[in-house]
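Chains, contacts and geometry: an overview
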Amino acid sequence: MQLSGWGNFPKAEARVSAPRDEAALAALVAEGSAIARGNGRAYGDSAISPRNTIDMRHFDRMLSFNPATGQLVAEAGVMLADVIDAFLPRGWFPMVTPGTKLITLGGAIAADVHGKNHHVDGSFRACVDWIDVMGPGGEVSRCSHEENAEMFDWTLGGMGLTGVILRCAIRLRPVKSGWIRQQMIPADTLSAAIDAFEANMGIPYSVAWIDCAAKGAHLGRSLVMLGEHAEPGEVPPRYRATPFKATRHRKIPFPMNAPGFVLNPLTVRAFNAAYYWKGARQKGTRIVDWDGYFYPLDAILHWNRLYGRRGFMQFQCVLPQDAAREGMQRLLSAISESGQASFLSVLKRFGPQDSAFSFPMEGYTLALDFPRSRAAIALMPELDAITLDHGGRFYLAKDSRMPAEILAQADPRAEAFAEWRRDRGLPASFASLQSERLHL
Amino acid sequence: MTVPVLILGARSDIARATARAFAAKRHPIQLAARGAEGLAADKADLETRYNVEVTLHDFDALDVAGHEAFVDGLPALPGIAVSAIGLMGEQAENETDPAKAVAVMRSNFEGPAVILGVLANRFVNRGSGTLVGISSVAGDRGRASNYVYGAAKAGFTAFLSGLRNRLAKQNVHVVTVKPGFVNTAMTAHLDLPARLTAEPREVALAIVQAVEKSRNIIYVRPIWRLVMTVICAIPEAVFKKTSI
Ligand SMILES: NC(=O)c1ccc[n+]([C@@H]2O[C@H](COP(=O)([O-])OP(=O)(O)OC[C@H]3O[C@@H](n4cnc5c(N)ncnc54)[C@H](OP(=O)(O)O)[C@@H]3O)[C@@H](O)[C@H]2O)c1
């Protein structure tokens with residue numbers, strides 16, 4: 001079948017199997033060139049193998065929960081949304097969550113995803129106690145910081161290329177309500193936004209939305225949004241009796257691929273300006289529900305269709321702390337000069353990260369999305385070069401187009417990872433279009 | 001009213017989704033299947049997600065002599081019983097191998113009908129209960145491509161209809177489910193049209209709703225009622241020459 005990632009590019013003809021038990025999974029792995037796929041939320045070609053893509057969503061059982069430690073044991077195809085459904089009513093929330101809950105735990109581990117609390121809690125890895133990984137011969141090994149530690153290290157952020165993640169034990173966070181105390185800080189410049197992040201390092205959640213279309217004196221104009229889990233007493237009176245209950249958002253399905261002209265530099269510019277001014281009016285503190293705070297886009301099913309048939313590209317890099325101010329300024333100038341405004345642009349402070357091949361590092365990350373227009377494609381090498389110049393690196397879960405040389409220059413760990421895979425004979429067993437493109 | 005729910009054929013995707021949908025509403029769950037010990041992970045899943053009590057029970061629908069004893073062995077007489085038992089088989093094999101055809105006939109009709117009949121009598125004695133039989137639109141009209149399966153489902157549909165008629169005055173309700181295409185292990189090898197194909201979860205939610213509202217016959221996606229009305233209206237002289 002025709003398969004693509006969330007960005008609808010690239011599309012490839014791929015054989016997809018959806019095994020229901022370990023024996024069937026092992027038989028598929030034995031065929032080679034296998035890549036496990038979760039809910040298909042990686043943007044590019046991370047979870048596509050034309051010969052052997054393995055849909056893991058039948059492995060969707062939660063196996064145990066320990067309320068003393070908050071440890072949940074679950075199969076890799078369980079979705080973060082299911083974890084929230086089952087455990088928020090009991091006062092638990094994922095320790096780390098990206099901007100969508102429609103991802104599997106296996107995918108979260110393979111990409112070692114991060115959330116708005118990276119500067120305090122680190123990446124998803126920080127909540128993972130152990131994982132069970134199936135190797136080329138169908139053998140399953142338990143991996144943790146103590147046991148098979150090397151395998152554990154490479155699998156977190158290893159994009160499914162070390163084996164198939166079968167099960168995991170993750171720790172959830174106790175929360176007192178399903179509500180978030182959000183503080184909105186309008187920042188008129190990039191520098192002001194970074195100052196706001198630095199001044200609020202103790203607040204657990206922080207993220208900034210950047211108006212990428214703003215120019216000149218307004219370059220980097222942003223809304224910095226801080227958040228903390230609210231106390232039961234702060235919950236709006238209507239919901240106070242059931243502080244964990246979700247306020248049901250109606251899901252709005254995006255029905256079809258939008259025609260190409262819907263998102264053009266002009267509409268994007270208008271949207272960004274309107275969004276900024278609306279946000280600036282909401283300056284200050286408000287209590288918002290978890291779903292709207294963490295997952296605004298999940299309310300629009302198939303929002304990726306907004307970009308039309310040609311799909312879109314994500315660009316996400318991180319720059320080290322000492323180069324971040326200057327580097328971000330240059331990235332934003334390049335975008336603004338190109339006239340290719342990104343529809344949704346997000347800036348975030350990362351804290352320290354200690355892992356073998358995960359994306360984050362201490363500094364600032366910028367995430368952008370562009371429709372796949374010729375002009376946007378032409379802009380990418382420029383953004384790559386600025387990132388390299390400032391000692392930054394790239395997020396593989398978002399990547400659909402990076403050349404292997406760029407990855408190699410940005411991230412010496414890539415070659416070490418490839419070598420580790422070769423030493424174990426893994427490339428024949430586990431491969432994706434991305435691993436082939438990037439020579440992993 | 002959170003009565004225990006018995007799921008027959010609990011390994012099926014539709015059955016698993018149905019067990020979850022009832023457990024989410026706090027019903028204790030009894031999972032019955034051949035080799036029930038293999039469902040330990042499903043038991044754990046229901047317990048972990050929903051904090052409900054779950055028990056596993058060995059059950060072979062074809063062992064009709066054992067059905068009374070099977071019901072006796074349950075921790076409690078369920079308030080709701082759902083049969084997801086079925087066997088599609090290969091039509092071409094069913095045409096040439098009588099043993100295979102008999103297996104399809106027995107697995108879709110005899111076994112499910114007998115166990116629901118046994119449960120029906122117990123429900124009558126108690127004075128309450130709901131029986132849910134998953135049949136199929138394939139039973140609405142025999143077609144060349146799967147008439148052995150279809151005929152067995154037709155028998156099951158007729159059985160459920162008669163049972164409903166018999167029990168209507170005794171506070172025992174019978175729901176007939178004709179799901180249309182469903183994306184499950186049974187159909188994994190087929191290329192099904194997306195608009196006509198339901199996910200197991202959709203079927204499960206439709207079943208829970210049908211039980212709560214005492215519906216008689218449900219087609220999960222409404223379009224199937226229309227499709228089957230049209231198929232059933234085609235005159236036999238024309239129908240026999242088609243290949244639907
Ligand atoms: N999928 C569809 O498109 C579709 C459409 C209309 C109706 N249906 C009906 O929906 C129901 C569930 O089917 P499914 O799609 O989920 O497929 P399935 O996985 O093949 O489910 C059938 C289940 O019946 C069980 N079973 C068969 N013979 C049995 C026996 N003698 N004793 C105990 N259990 C037995 C099987 O158990 P084992 O694991 O032990 O083999 C299996 O779990 C079936 O009645 C099917 O006919 C399905």
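These figures come from a predicted structure and were not determined experimentally. (Residues numbered from 1 in each chain as written. Chains lettered and ligands numbered in written order. Predicted model: local features only at pLDDT ≥ 70, side-chain atom pairs only at ≥ 80, totals over all residues. Heavy atoms only, no water.)

Observations concerning the packing of helix H9 (residues 321-338) of chain A against helix H10 (residues 374-389) of chain A
Residue and element names in this part refer to chain A. Closest axis-to-axis distance for the H9/H10 pair is 9 Å, and the angle between their directions is 170°. Here H9 lies roughly antiparallel to H10, going by the angle between them. Facing Gly327, Arg330, Leu331, Ala334, Ile335 and Ser338 of H9, the residues of H10 in contact are Leu379, Glu382, Leu383, Ile386, Thr387 and Asp389. Tallied by class, residues from the contact of H9 with H10 come to six nonpolar, three polar and three charged. (Axes fitted to C-alpha atoms, helices over the stretch in contact; angles between N-to-C directions. Helix = DSSP H or I, 4+ residues; strand = E, 2+ residues; numbered from the N terminus. Parallel < 35°, antiparallel > 145°, perpendicular 65-115°, else oblique. Contact = heavy atoms within 4.5 Å. Nonpolar A, V, L, I, M, F, W, Y, C, P; charged D, E, K, R; others polar.)

Some remarks on unusual backbone geometry
Residue and element names in this part refer to chain A. The linkage connecting Phe9 with the following residue, Pro10, adopts the cis geometry, with an omega of -10°. Within the secondary structure layout, Pro10 lies in the loop between strand S1 (2-3) and strand S2 (12-13). For Ser33, which is not a glycine, the phi torsion comes out positive at approximately 50°. Residue placement: Ser33 occurs in the loop between helix H1 (22-30) and strand S4 (34-37). With relative accessibility at 15%, the residue Ser33 sits in the buried group. A positive phi angle, close to 55°, is found at Met159, a residue other than glycine. Topologically, Met159 is positioned in the loop between helix H5 (149-155) and strand S11 (164-174). (Buried < 20%, exposed > 50% of the residue type's maximum accessible area, 1.4 Å probe, protein only.)

Focus on the packing of helix H1 (residues 13-24) of chain B against helix H2 (residues 40-50) of chain B
The geometry of a pair of packed helices is captured by two quantities: the angle between their axes and the separation between those axes. All names here are of chain B. Relative orientation of the contacting elements H1 and H2 amounts to 25°, with a least axis distance of 10 Å. Our classification of the angle between H1 and H2 gives roughly parallel. Where H1 crosses over H2, the handedness of that crossing is right-handed. Facing Arg16, Ala19, Arg20, Ala23 and Ala24 of H1, the residues of H2 in contact are Asp42, Asp45, Leu46, Arg49 and Tyr50. Partitioning the contact of H1 with H2 into residue classes produces five nonpolar, no polar and five charged. (Left-handed = near helix turned anticlockwise from the far one by under 90°.)

Overview of the sheet that holds strand S9 (residues 217-219) of chain B
Residue and element names in this part refer to chain B. Spatially, the seven strands line up as an open sheet ordered S3-S2-S1-S4-S5-S6-S9, and their pairing is parallel. At either margin of the open sheet sits one strand with a lone partner, and together these are strand S3 (54-58) and S9. Neighbour-to-neighbour, the strand axes of this sheet turn through a mean angle of 15°, independent of strand direction. In this structure, strand S1 (residues 5-8) lies alongside strand S2 (residues 29-33), joined through four bridges in parallel fashion. Bridging from a neighbouring strand, Val5 pairs with Ile29 of S2. In the packing of helix H6 (residues 147-167) onto the sheet, contacts are made with strand S5 (129-134), strand S6 (172-178) and S9, and the angle to S6 comes to roughly 155°. (Pairing = 2+ DSSP bridges.)

Looking at the sheet that holds strand S5 (residues 52-55) of chain A
Paired through backbone hydrogen bonds, the strands of a sheet run either parallel or antiparallel to each other. All names here are of chain A. The three strands are arranged S3-S5-S4 in an open sheet whose pairing can be described as parallel. Since the sheet does not close on itself, it has two edges, and those belong to strand S3 (16-17) and S4, each with one partner. As paired strands, S4 and S5 are joined by four bridges and run parallel to one another. The residue bridging Ile35 from the neighbouring strand is Thr53, located in S5. Here H1 sits on the sheet and contacts S3, S4 and S5; the angle it forms with S5, its principal contact strand, is near 160°.

Here we look at the domain arrangement of chain A
Residues and elements named next belong to chain A. Segmenting chain A into domains produces domain 1 (2-56 + 420-437), domain 2 (62-174) and domain 3 (179-401). Between the C-alpha centres of domain 1 and domain 2 there is a distance of 19 Å. Each partner contributes residues to the interface: domain 1 has 22 residues there, and domain 2 has 23 residues. Taken over both partners, the interface formed by domain 1 and domain 2 buries close to 1,800 Å², and the fraction arising from carbon and sulfur atoms is 70%. (Domains from an automatic or database assignment. Buried area = accessible area lost by both parts, 1.4 Å probe.)

What to know about the nonpolar core
Formed by 113 residues in total, the largest nonpolar core has its most connected members in Phe124(A), Leu347(A) and Leu383(A). The residues touching Leu383(A), leaving out its near neighbours within four places in the chain, are Phe315(A), Leu331(A), Ala334(A), Ile335(A), Leu368(A) and Phe370(A). Residues Phe22(B), Tyr50(B), Val132(B) and Val177(B) belong to the second largest nonpolar core, which totals 37 residues. (Core = buried A, V, L, I, M, F, W, Y, C linked by side-chain atoms within 4.5 Å.)

Examining the site of the ligand
Residue and element names in this part refer to chain B. Around the ligand lies a shell of 25 residues, among which Ala61, Ile85, Tyr149, Val182 and Thr184 are the nearest. The backbone of Ala84 places a nitrogen or oxygen atom 3.5 Å from an oxygen atom of the ligand. Taking 870 Å² as the accessible area of the ligand by itself, protein coverage stands at 89%. Put simply, the parts of the chain that give the shell around the ligand at least two residues each are H1, H6 and strand S7 (181-182). Residues that form the shell around the ligand fall into these classes: twelve nonpolar, eight polar and five charged. (Near = heavy atom within 4 Å. Polar contact = N/O pair within 3.5 Å; in protein donor to acceptor, adjacent residues only side chain to side chain. Areas by Shrake-Rupley, 256 points an atom, 1.4 Å probe, with all protein chains shown as cover.)

So, helix H7 (residues 265-281) of chain A
The end-to-end C-alpha separation of H7(A) is 25 Å, in line with the 24 Å expected for 17 residues at 1.5 Å each. Among the structural elements, strand S12 (179-187), strand S13 (205-210) and strand S14 (222-229) of chain A are those in contact with the buried residues of H7(A). (Expected span 1.5 Å × (residues − 1).)

Points about the pattern of salt bridges
Side chains that carry opposite charge are capable of pairing whenever their charged atoms lie near each other. Applying the stated rule across the entire model yields 43 salt bridges over all chains. Between Asp60(A) and Arg16(B) there is a salt bridge, with the nearest N and O atoms lying 2.7 Å from each other. Of this pair, Asp60(A) sits in the loop between S5 and strand S6 (62-66) while Arg16(B) sits in helix H1, on two different chains. For the salt bridge of Glu68(B) with Arg122(B), the shortest nitrogen-to-oxygen distance reads 2.7 Å. (Salt bridge = Lys/Arg side-chain N within 4 Å of Asp/Glu carboxyl O.)

Considerations on the interface of chain A and chain B
Of the residues lining the interface, 15 residues belong to chain A; the matching set on chain B comes to 13 residues. When the area that chain A buries against chain B is broken down by residue, the three leading residues are Arg20(A), Arg61(A) and Met62(A), summing to 49%. Across the salt bridge formed by Arg20(A) and Asp13(B), the nearest N and O atoms sit 2.3 Å from each other. Applying the counting rule to chain A against chain B returns ten residue pairs in polar contact (both at pLDDT 80 or more). Elements represented by at least two residues in the side of chain A that touches chain B include exactly S6, strand S7 (71-75) and helix H2 (80-87) of chain A. In terms of residue class, the side of chain A that touches chain B is made up of seven nonpolar, two polar and six charged.

Some points on the packing of aromatic side chains
All names here are of chain A. Counted by the stated rule, this structure contains 23 aromatic pairs over all chains. A centroid spacing of 5.9 Å and a plane angle of 35° characterise the contact between Trp154 and Trp420, whose relative ring orientation is tilted. Of this pair, Trp154 sits in helix H5 while Trp420 sits in helix H12 (residues 413-423), and the two are 266 residues apart along the sequence. Note on accessibility: Trp154 and Trp420 belong to one class, buried. One aromatic cluster is present, built from ring pairs that chain together Phe93, Tyr205, Trp290, Tyr293, Phe294 and Tyr295. Positioned over the ring face of Tyr276 is Arg221, at 4.5 Å from the centre of the ring. (Phe/Tyr/Trp six-rings, centres within 6.5 Å; stacked < 30°, edge-to-face > 60°. Lys NZ or Arg CZ within 6 Å of the ring centre and 35° of its normal.)

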